[in-house]
Amino acid sequence: MGIKYSVLLVSIAMLLGVASLPVCAEDEVNPDEYVSAESLENLKKAAESGEAESQVSLALIYGKKENPQYDVDKAFYWLHKAAEQDNVKSLLVLGERYLVVDVKKSISYLERAANLGSPRANFLLGYIYLYGVGEIEKDLPKALSYLKTAADLDDVDGIATYGYALLYAPATSGVATLQNQITGEKYIYEGATRGNLDAQVDLGALYLIGGCWVKKDREKALEVWAKAARNGSLDAKQRFITEFWKDSRIVPTSERDIENLGAPYATKEEVLNWFNDVIENRRRATEVVILDYYERHNQYAASTTASGFLAAFYRYGISVEKDVAKSEEYLEKALDGGSAHAMLLAVSEYEANTSYPSEKTIDVAERQLLRKLCTDEAKFHDYPAELLARIYIIRMQRNLNRPDTAADIFTLTSRLGDSNPSKLALLGICYEKGYGVATDKEKAREYYMQGVEKNNSLSMRYLGDSYFAAGDIESALKWYNKAVEYGDYPSKIIAERFPNFLKQNSQE
């Protein structure tokens, strides 16, 4: 939505106390500043003599609660005096003020201001007819007419909302043509580049799904939302965190992952602050914010995915107090819905802390993950190869203690899709460790090398492990460093600690 209805009404309700208008050349008064008794007396004389600008300024001073002269009745008296002279500023202020309590009276003032060329009045009239306010019903043709005039008069809100109205016109309206959609996207883009926060939110949505004129670009969507979030847009904050965290490669599955939240679009602190702002400003519990968002937008498996996020939030204390019991409760809900995020969280957590989640939950999560890993049509290629392989190997190792499943490990590995980036590394591990197949070190290295030829960093690291186990430190370090070049974090840690490790062992 271009301009949010509730936000608009709040700003209008405060308007009498925020405007700053000139009085006259020889005695300008800013209602936001202290007004001396002498200046106020001079302003009264100018107003009483019929100067409309002085009447408006005097009204704004009386209408500001922080001023000692605050008097609502006097404020309205002088606004009406100026309006009698067709003063555009007074007509606009009255139109905005009555919009909260009497929309028909508001329209009468706004129409007079619009006829006198007020861009803001045209925008507000367009807004009223676009969304329907009070007893005034929606009227798209009227809305478009007023909004187009506001846009032509260079009103940024008008530009943004006119674009929105064209782009999201109902299919039955006769307005939803391809050309109007393209025009709408262009106006939204213009409003966004001019700093309109709601247009930036809408532009981000266009980048995310792709439009007729705006090309699909998820990175630009996140960049636009991050910019709007920094400038205070609550919608942008919520859209950024939900879109960013729904990405399977970034949803936190360990304490270390939290450090990367927001990168490279925002800092971790910014993202967590935005999440807190959403909660505080909407006055809802964390669960309601997330679940409501997904249910309203019907995206990413709705509450199933949201439950996966909440499991991580409660596990690590992201914007809420840590609560392991509540985390597992949400984890179970997410697993019931087949959430891949929940599977990753469960198995990676169990590796580090066998008290969470429960044996029952981890068994469900691992079995679901194995089914996905071993199904060719599973779309798991976006997940971190290293994390999937590590989880898979943990499961295989655990299965070695179960005679009825140990023999199936090699079969399951062989069934992985050829496009799975970790398949060759996993086959190498099977031969290296004897998982479901006879141990064969040379065969293991052959598979690792095939993975290396495909630039698989996991194969590089396991090849380094293989050489290290054989006592070939030079070759091991070579492959660890190669894996680091391709972004393998565990190899980076190994390489950094290698000198101290060798020194310690030589001393022993």
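Each value, and the rule that gives it
- Residues numbered from 1 in each chain as written.
- Predicted model: local features only at pLDDT ≥ 70, side-chain atom pairs only at ≥ 80, totals over all residues.
- Heavy atoms only, no water.
- Helix = DSSP H or I, 4+ residues; strand = E, 2+ residues; numbered from the N terminus.
- Buried < 20%, exposed > 50% of the residue type's maximum accessible area, 1.4 Å probe, protein only.
- Contact = heavy atoms within 4.5 Å.
- Areas by Shrake-Rupley, 256 points an atom, 1.4 Å probe, with all protein chains shown as cover.
- Salt bridge = Lys/Arg side-chain N within 4 Å of Asp/Glu carboxyl O.
- Phe/Tyr/Trp six-rings, centres within 6.5 Å; stacked < 30°, edge-to-face > 60°.
- Lys NZ or Arg CZ within 6 Å of the ring centre and 35° of its normal.
- Polar contact = N/O pair within 3.5 Å; in protein donor to acceptor, adjacent residues only side chain to side chain.
- Expected span 1.5 Å × (residues − 1).
- Arc of directions from axis to C-beta.
- Axes fitted to C-alpha atoms, helices over the stretch in contact; angles between N-to-C directions.
- Parallel < 35°, antiparallel > 145°, perpendicular 65-115°, else oblique.
- Left-handed = near helix turned anticlockwise from the far one by under 90°.
- Nonpolar A, V, L, I, M, F, W, Y, C, P; charged D, E, K, R; others polar.

Caption draft 1: Examining the overall build of the protein more closely. Looking only at helices and strands, one finds 28 helices and 0 strands in the protein. Across the 508 residues in the protein, those meeting the buried criterion constitute 50%. Look at the contacts in the protein between residues 6 or more apart in sequence, and 53% of them connect residues 24 or more apart. Total accessible area computed for the protein in this model is approximately 24200 Å², and 49% of it derives from carbon and sulfur atoms.

Caption draft 2: View of the pattern of salt bridges. The full count for this structure, using the stated rule, is 11 salt bridges. Ionic pairing is found between lysine 89 and glutamate 53, a salt bridge with its closest N-O pair at 2.7 Å. Here glutamate 53 lies in helix H3 (residues 52-62) and lysine 89 lies in helix H5 (residues 88-98), a separation of 36 residues in the sequence. Of the residues examined, lysine 89 reaches a relative accessible area of 28% and is grouped as partly exposed. Given the relative accessible area of 27%, glutamate 53 is considered partly exposed. The salt bridge involving aspartate 157 is made with arginine 120; its shortest N-O contact spans 3.0 Å. You can see aspartate 157 sitting in helix H9 (residues 156-167) and its partner arginine 120 sitting in helix H7 (residues 119-131), a full 37 residues away along the chain. Using a relative accessible area of 22% as the deciding quantity, one classes aspartate 157 as partly exposed.

Caption draft 3: Seen up close, the packing of aromatic side chains. This model, assessed by the stated rule, comprises 13 aromatic pairs. Taken together, a centroid distance of 6.2 Å and an interplanar angle of 50° make the contact between tyrosine 448 and tyrosine 462 tilted. One end of the pair, tyrosine 448, is in helix H25 (residues 441-453); the other, tyrosine 462, is in helix H26 (residues 457-469), with 14 residues separating them in the sequence. Each member of the pair, tyrosine 448 as well as tyrosine 462, is classed as buried. Site record: aromatic cluster; members linked through ring pairs are Phe76, Tyr98 and Tyr109. Taking the ring centre of tyrosine 467 as reference, the NZ or CZ of arginine 445 above it sits at 4.0 Å.

Caption draft 4: Structural detail: the side chain of serine 118. Examined against the element boundaries, serine 118 turns out to sit in the loop between helix H6 (103-115) and H7. Looking at serine 118, its side chain comes within polar contact range of the main-chain nitrogen of alanine 121, at 3.1 Å. Once residues within four sequence positions are removed from consideration, serine 118 is found in contact with Val88, Leu92, Ala113 and Leu153.

Caption draft 5: Examining helix H18 (residues 324-336) more closely. In a regular helix each residue adds 1.5 Å, so 13 residues correspond to 18 Å; H18 covers 18 Å between its end C-alpha atoms and thus fits that length. For H18, the complete set of buried residues consists of Ser327, Glu328, Tyr330, Leu331, Ala334 and Leu335. When H18 is viewed along its axis, its buried side chains cluster within an angular range of 165° and face the same direction. The exposed residues of H18 that point more than 90 degrees off its buried face are Ala325 and Asp336. Where H18 begins, the capping side chain belongs to aspartate 323, and its oxygen is found 3.3 Å from the backbone nitrogen of alanine 325. Just beyond H18, the residue with positive phi is glycine 338, at close to 80°.

Caption draft 6: Up close: the packing of H26 against helix H27 (residues 473-485). The contact between H26 and H27 brings their axes to 8 Å, and the two run at 165°. With respect to H27, the element H26 is oriented roughly antiparallel. As for the relative orientation of H26 and H27, their crossing is left-handed in sense. Across the interface between the two elements, Ser457, Met460, Arg461, Leu463, Gly464, Asp465, Tyr467 and Phe468 from H26 touch Ile473, Ser475, Ala476, Trp479, Tyr480, Lys482 and Ala483 from H27. By residue class, the composition of the contact of H26 with H27 is 9 nonpolar, 3 polar and 3 charged.

Caption draft 7: Seen up close, helix H8 (residues 140-152). Here H8 contains 13 residues, and its C-alpha end-to-end distance of 18 Å stays within 8% of the 18 Å for a straight helix at 1.5 Å per residue. Leu140, Ala143, Leu144, Leu147, Ala150 and Ala151 are the residues of H8 that are buried. Considered in projection along H8, the buried side chains sweep an arc of 130° and stay on one side of the axis. Turned more than 90 degrees away from the buried face of H8, the exposed residues are Pro141 and Asp152. Lining the buried residues of H8 we find H7, H9 and helix H10 (178-193). The N-cap residue of H8 is aspartate 139: its side-chain oxygen and the backbone nitrogen of lysine 142 are 3.3 Å apart. Aspartate 154, located one to two residues past H8, shows a positive phi value of around 70°.

Caption draft 8: Expanded view of unusual backbone geometry. Here aspartate 154, not a glycine, exhibits a phi torsion of approximately 70°, which is positive. Looking at the element boundaries, aspartate 154 is found in the loop between H8 and H9. Phi at asparagine 455 takes a positive value of approximately 60°, unusual for a residue other than glycine. Within the element layout of this structure, asparagine 455 appears in the loop between H25 and H26. Classification of asparagine 455 by relative accessible area gives partly exposed; the value is 43%.

Caption draft 9: Structural view of the packing of helix H4 (residues 72-83) against H5. Contact geometry of H4 with H5 gives a least axis separation of 8 Å together with a crossing angle of 130°. The angle between H4 and H5 places the two elements in the oblique class. Crossing of H4 against H5: the hand is left-handed. Of the residues in H5, those touching H4 at Phe76, Leu79, His80, Ala82 and Ala83 are Ser90, Leu91, Val93, Leu94, Arg97 and Tyr98. Its residues assigned to classes, the contact of H4 with H5 comprises 8 nonpolar, 2 polar and 1 charged.

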